[in-house]
Amino acid sequence: ITRRSFDGLEMRVRGTTATEVDRDDYQASLAAGHSWSGGNVFGMAAWQDREALVGDPRQVGAQSYLVTATPNERVSSFFGGASQSLGDVKVSLEGQYFDTRRDSFYLTLPANRRDYLTEGEGHSIFGTVEWQAGRATFFDLMLDYHENTALSRTWRMGNLLSQRKHTGASMRRWSVTSSRRSC
């Protein structure tokens with residue numbers, strides 16, 4: 001969301017079909033926000049489901065290969081937050097969540113199929129407290145937390161060949177900035 005301060009509700013729904021390659025793509029999103037004197041609250045949710053684009057078989061030597069040009073993809077996400085100014089102090093908190101799933105295949109004709117699956121999930125929370133004391137002094141406190149997990153698997157003819165799971169380095173960080181400037 002690029003607009004954190006707006007009033008209203010916005011909904012988008014989109015669907016497309018590529019008839020020559022038999023591929024569908026569906027998307028939906030909802031955004032809402034409300035602003036008032038010194039503050040605001042906002043949120044956005046989005047969902048996408050896109051079918052794979054499979055190209056024509058490619059001849060490589062004596063073998064024909066059928067490969068997905070783009071994967072099947074399902075993505076959902078949420079982003080929201082709020083902020084409030086109280087005199088010289090501003091407090092804000094934002095959060096986000098995402099979930100993705102992509103799968104594709106690589107096929108040596110007639111039946112040597114390899115399937116690939118990648119999944120990801122993550123969330124983050126970000127908060128700040130800002131204090132501006134006149135023109136010359138300020139104080140900022142920032143809190144930031146992120147975590148994500150990715151999982152990828154490969155199968156050949158239904159047998160699991162490999163599996164990798166990675167949990168992102170959970171970033172837990174905070175910082176304080178303070179300054180006094182001469183004017």
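Numbering of residues starts from 1 in each chain and follows the order in which that chain's sequence is written. Residue-level local features of this predicted model are given only where pLDDT is at least 70; pairs of side-chain atoms are given and counted only at 80 or more, and the full residue set underlies all totals for whole chains, interfaces and linings. To obtain the side-chain values, all non-hydrogen atoms of the structure were included, while hydrogens and water were left out.

## Here's the deal with the overall build of the protein chain
Right, so step 1: Each helix corresponds to a stretch of at least 4 residues labelled H or I by DSSP, and each strand to a stretch of at least 2 residues labelled E; elements are numbered beginning at the N terminus. Across its full length, the protein chain holds zero helices and 12 strands.
Right, so step 2: Moving toward the C terminus, one meets the helices and strands of the protein chain in the order β-β-β-β-β-β-β-β-β-β-β-β.
Right, so step 3: Split into buried and exposed, the 183 residues of the protein chain put 23% on the buried side.
Right, so step 4: Note on contacts: a residue pair qualifies if any of its non-hydrogen atoms lie within 4.5 Å across the two residues. The long-range share in the protein chain, meaning contacts at least 24 apart out of those at least 6 apart in sequence, stands at 53%.
Right, so step 5: Carbon and sulfur atoms make up 54% of the accessible area of the protein chain, which amounts to about 12,100 Å² in all. Whether a residue is buried, partly exposed or exposed follows from its accessible area with a 1.4 Å probe, protein chains only, as a fraction of its type maximum: under 20%, in between, or over 50%, in that order. Note on areas: Shrake-Rupley, 1.4 Å probe, and residue coverage restricted to the protein chains presented here.

## Here's the deal with the environment of Ala 52
Right, so step 1: Within the secondary structure, Ala 52 sits in the loop between β3 (39-50) and β4 (53-54).
Right, so step 2: Among the residues examined, Ala 52 registers a relative accessible area of 13% and is labelled buried.
Right, so step 3: Measuring from C-alpha to C-alpha, the distance between Ala 52 and Phe 105 comes to 9.4 Å, with 53 residues separating the pair along the chain.

## Some thoughts on the layout of surface pockets
Right, so step 1: The computed volume of the second largest pocket comes to approximately 150 Å³.
Right, so step 2: Here the term cavity refers to a set of points on a 1 Å grid, laid over the protein atoms alone, in which a 1.4 Å probe fits but cannot get out; the term pocket refers to an open set having protein on both sides within 12 Å along at least five of seven lines, with lining residues being those that place an atom within 4 Å of a point. Lining the second largest pocket are Trp 47, Arg 74, Val 75, Ser 76, Asp 99, Thr 100, Arg 101, Glu 119, Gly 120, Glu 121, Thr 149 and Leu 151.
Right, so step 3: Going through the elements one at a time, β7 (72-86), β8 (89-108), β9 (112-133) and β10 (137-156) are the ones with two or more residues in the lining of the second largest pocket.
Right, so step 4: Ten residues, namely Ala, Val, Leu, Ile, Met, Phe, Trp, Tyr, Cys and Pro, are considered nonpolar, four, namely Asp, Glu, Lys and Arg, are considered charged, and the remaining ones, Gly among them, are considered polar. Grouping the amino acids of the lining of the second largest pocket by side-chain chemistry returns three nonpolar, four polar and five charged. Grid points are joined across faces, edges and corners, and a volume is the space filled by probe spheres set on the points.

## Considering the pattern of salt bridges
Right, so step 1: We define a salt bridge as a contact between a side-chain nitrogen of Lys or Arg and a carboxyl oxygen of Asp or Glu at a distance within 4 Å. For the structure on display, the rule yields five salt bridges.
Right, so step 2: One salt bridge connects Arg 12 with Glu 10, and the closest N-O pair in it is separated by 3.4 Å.
Right, so step 3: Between Arg 101 and Glu 119 there is a salt bridge, and its shortest N-O distance comes to 3.1 Å. Separated by 18 residues along the polypeptide, Arg 101 in strand β8 and Glu 119 in strand β9 bring together distant segments of the chain.
Right, so step 4: We classify Arg 101 as partly exposed; its relative accessible area is 30%.
Right, so step 5: Using a relative accessible area of 24% as the deciding quantity, one classes Glu 119 as partly exposed.
Right, so step 6: Linked through salt bridges whose partners overlap, the residues forming this network are Arg 50, Glu 73 and Arg 102.

## Focus: the confidence of the model for the protein chain
Right, so step 1: Across the chain, each position has a pLDDT score giving the predictor's confidence in that residue, from 0 to 100. Averaged over every residue, the pLDDT of the protein chain is 82; the share at 70 or more is 79%.
Right, so step 2: Per-element confidence in the protein chain is highest for β3, whose mean pLDDT is 95, and lowest for strand β12 (residues 171-180), whose mean pLDDT is 58.

## Quick look at the pairing of strand β2 (residues 23-36)
Right, so step 1: Paired strands, as defined in this entry, are two strands with at least two bridges between them according to DSSP. Of the strand pairs in this sheet, strand β1 (residues 8-18) and β2 are connected by 11 bridges, and their pairing is antiparallel. Each bridged residue has a counterpart across the sheet, and for Leu 9 the counterpart in β2 is Ala 32.
Right, so step 2: Across 12 bridges, β2 lies against β3 in antiparallel orientation. Across the sheet, the residue bridging to Ser 29 is Ala 46, located in β3.
Right, so step 3: Between β2 and β3, which pair antiparallel and follow one another directly, the connecting turn spans two residues, one of which, Gly 38, has a positive phi of 90°.

## Here we look at the packing of aromatic side chains
Right, so step 1: A pair of Phe, Tyr and Trp rings is counted when the ring centres sit within 6.5 Å of each other, with Trp represented by its six-membered ring. The angle between the planes then sorts it: under 30 degrees is stacked, over 60 is edge-to-face, the rest tilted. Enumeration according to the criterion identifies one aromatic pair in this entry.
Right, so step 2: For the ring pair Phe 42 and Phe 79, a centre distance of 5.8 Å and an interplane angle of 40° mean the geometry is tilted. Remark: Phe 79 occurs in strand β7 and Phe 42 occurs in strand β3; sequence separation between them is 37 residues. Grouping residues by exposure puts Phe 42 and Phe 79 together as buried.

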